[in-house]
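For reference, the chains in residue letters:
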Amino acid sequence: MTVSVLPASPAFNVFSLITCEDVKAHLALLRDFHDIRKGASDDTWQKRVADSVTKFQTWARQVQPIENPPISVDLDILMVWHTYLLNPVKYQHDVARLYPGLLQLDFADVVLRMARGSLTPQAGSQANQTAPPPKASATAELSDLEAAVQRQASFIDKVARLGWGDKATDEFLTNCIHRYGCFLDLMKTGTVHSLVPTLLIDLAWHTHQLRGSRYCKEAKELLGHVLNHDDSIPETQLSRSFDETNAAWQARFGTTYLAKRSFAVPGDTTDVDGSSACGGGCNGECGSCGTVKRGSCSPGECGECESRLSETLLGAAGCGGWLQWRVWFLWYTCM
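Here the structure is a predicted model, which is why all the values come from computation and not from measurement.

**Regarding the overall build of the chain**
Logical step 1: Counting secondary structure elements, the chain contains 11 helices and 6 strands.
Logical step 2: Out of the 335 residues belonging to the chain, those deemed buried represent 54%.
Logical step 3: Of all intrachain contacts in the chain linking residues separated by at least 6 positions in sequence, the fraction that spans at least 24 positions is 78%.
Logical step 4: Entry remark: accessible area of the chain is about 14,300 Å², with carbon and sulfur atoms responsible for 50%.

This is the structure in structure tokens:
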């Protein structure tokens, strides 16, 4: 069993924001999303995303702003809704203007009910139906959502390849949330304007954002602003900010941002593909997947997530492949 090295505790109870059950349920949902895409050709997947976005828009406009409205658990709709929530400032603005009925729905509650077995997702139940063409005024909105769903697919693929949905233990979930709390604590200090999270922190942050308006309220109370999420920031900007994040974390908590022990799947001793290229013992953590590199790992290579470390970030253990889809912390006032 891997012994995790945690930084000092944040100055607030992060487990009041999200729980281990929340993260575990989110991982189960990501596994369902991965199954939708698995085996599909690029053209088939692109069409599936386009149809799903249009279908979501049609559904969202029909949800009435009444107490306890009916909930569709069609996975195509949930996939787009999930992605939309990961741009919280835009989501709150658009929902109030375009989809007021969604204000009555709690996506995170839907996910928990699915994980507990009280709701059964309908995988692709409407995937073959032809969605009505969007209005001209909605074309840009649909295009933005399609691109966002495509970007989120990279994050989902990474999580699936690491097997987190199947292997995550209570220790893993606790570490994930704890590090997210420390990250918020660091942001609260205001010493660095922009911070870049690891994959583990990102997972917890995404889970928190699924709470919609509650996320905005809690972030604003804690930080004074809503912490927005933007996964379209260029790699060059992310690269510069990662070093700043690493230095700020060290100064704040007295530990390295990317710890010497694993924060991924405790007890895992093989690579994702089942091979054992790493024999055990080197204890260097990958900035992309958070897992410990074992044995005679070659410099700059993580056998777990199969990505190469950026030459400019070897000291901070940041993966070059990771930077293509990492996120950027920005400050916005909740609209």
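Following the structure, the description resumes.
**A closer look at the environment of aspartate 202**
Logical step 1: As for its placement among the helices and strands, aspartate 202 is situated in helix H9 (residues 199–209).
Logical step 2: Taking relative accessible area as the criterion, aspartate 202 reaches 1% and is therefore assigned buried.
Logical step 3: When the C-alpha atoms of aspartate 202 and arginine 179 are compared, they prove to be 9.8 Å apart, with 23 residues separating the residues in sequence.

**Observations regarding H9**
Logical step 1: Counting buried positions along H9 gives 11 out of 11 residues, so the element sits mostly inside the fold.
Logical step 2: Listed in full, the buried residues belonging to H9 are Leu199, Leu200, Ile201, Asp202, Leu203, Ala204, Trp205, His206, Thr207, His208 and Gln209.

**Focus on the nonpolar core**
Logical step 1: Ranked by size, the top nonpolar core spans 84 residues in total, and within it Phe56, Trp81 and Leu102 carry the most contacts.
Logical step 2: A per-element tally of this core places helix H8 (residues 170–189) first, with 10 residues.
Logical step 3: Apart from the residues within four sequence positions on either side, phenylalanine 56 is in contact with Ile77, Val80, Trp81, Tyr84, Leu102 and Leu145.

**Things to note about the side chain of aspartate 185**
Logical step 1: Along the polypeptide, aspartate 185 turns up in helix H8.
Logical step 2: If we ignore the near neighbours within four places in the chain, the residues touching aspartate 185 are Pro10, Ala11, Phe12, Arg252 and Phe253.

**Focus on the pattern of salt bridges**
Where side chains of opposite charge bring their charged atoms close, a pairing between them can arise.
Logical step 1: All told, the structure shown has 15 salt bridges when counted by the stated rule.
Logical step 2: Across the pair arginine 252 and aspartate 185 runs a salt bridge, and its minimum N-O distance is 2.8 Å. Of this pair, arginine 252 sits in helix H11 (residues 235–253) while aspartate 185 sits in helix H8, placing them 67 residues apart in sequence.
Logical step 3: Of the residues examined, arginine 252 reaches a relative accessible area of 42% and is grouped as partly exposed.
Logical step 4: Judged by relative accessible area, which is 4%, aspartate 185 ranks as buried.
Logical step 5: Among the charged side chains, a network of salt bridges with common partners joins Arg48, Lys55, Asp74 and Asp76.

**Regarding the packing of aromatic side chains**
Logical step 1: If you walk through the whole model with that rule in mind, you get 13 aromatic pairs.
Logical step 2: Judged by centre distance (6.0 Å) and plane angle (45 degrees), the ring pair of phenylalanine 56 and tryptophan 59 falls under tilted. Residue phenylalanine 56 and its partner tryptophan 59 are located together in helix H2 (residues 42–62), separated by 3 residues, close to a single helical turn.
Logical step 3: When its relative accessible area of 0% is taken as the criterion, phenylalanine 56 is described as buried.
Logical step 4: With relative accessibility at 12%, the residue tryptophan 59 sits in the buried group.
Logical step 5: Ring centres 5.9 Å apart and planes at 65 degrees place the aromatic pair phenylalanine 56 and tyrosine 84 in the edge-to-face group. Here phenylalanine 56, found in helix H2, pairs with tyrosine 84, found in helix H3 (residues 75–85); they are 28 residues apart in sequence, far enough to count as distant.

**Side note on the confidence of the model for the chain**
Logical step 1: Looking at the chain, the pLDDT average stands at 74 and 66% of residues meet or exceed 70.
Logical step 2: Between the elements of the chain, mean pLDDT differs from a low of 32, seen in strand E6 (residues 328–332), to a high of 96, seen in H3.
Logical step 3: Segment residues 1–5 is flagged for pLDDT under 50; beyond a separation of four residues in sequence, or across chains, it makes 17 contacts in the model.
Logical step 4: In the predicted structure, residues 259–285 sits below a pLDDT of 50 and forms 83 contacts with residues beyond four places in sequence or in another chain.

**Here's the deal with the packing of helix H1 (residues 20–37) against H8**
Logical step 1: Interaxial distance between H1 and H8 falls to 9 Å at its minimum, and their mutual angle equals 105 degrees. With respect to each other, H1 and H8 are oriented roughly perpendicular. Together, Cys20, Val23, Lys24 and Leu27 of H1 and Asp170, Phe172, Leu173, Thr174 and Ile177 of H8 make up the contact between the two elements.
Logical step 2: Across the contact of H1 with H8, the residue classes tally to 6 nonpolar, 1 polar and 2 charged.

Rules and cut-offs
- Residues numbered from 1 in each chain as written.
- Predicted model: local features only at pLDDT ≥ 70, side-chain atom pairs only at ≥ 80, totals over all residues.
- Heavy atoms only, no water.
- Helix = DSSP H or I, 4+ residues; strand = E, 2+ residues; numbered from the N terminus.
- Buried < 20%, exposed > 50% of the residue type's maximum accessible area, 1.4 Å probe, protein only.
- Contact = heavy atoms within 4.5 Å.
- Areas by Shrake-Rupley, 256 points an atom, 1.4 Å probe, with all protein chains shown as cover.
- Core = buried A, V, L, I, M, F, W, Y, C linked by side-chain atoms within 4.5 Å.
- Salt bridge = Lys/Arg side-chain N within 4 Å of Asp/Glu carboxyl O.
- Phe/Tyr/Trp six-rings, centres within 6.5 Å; stacked < 30°, edge-to-face > 60°.
- pLDDT = per-residue confidence, 0-100.
- Axes fitted to C-alpha atoms, helices over the stretch in contact; angles between N-to-C directions.
- Parallel < 35°, antiparallel > 145°, perpendicular 65-115°, else oblique.
- Nonpolar A, V, L, I, M, F, W, Y, C, P; charged D, E, K, R; others polar.

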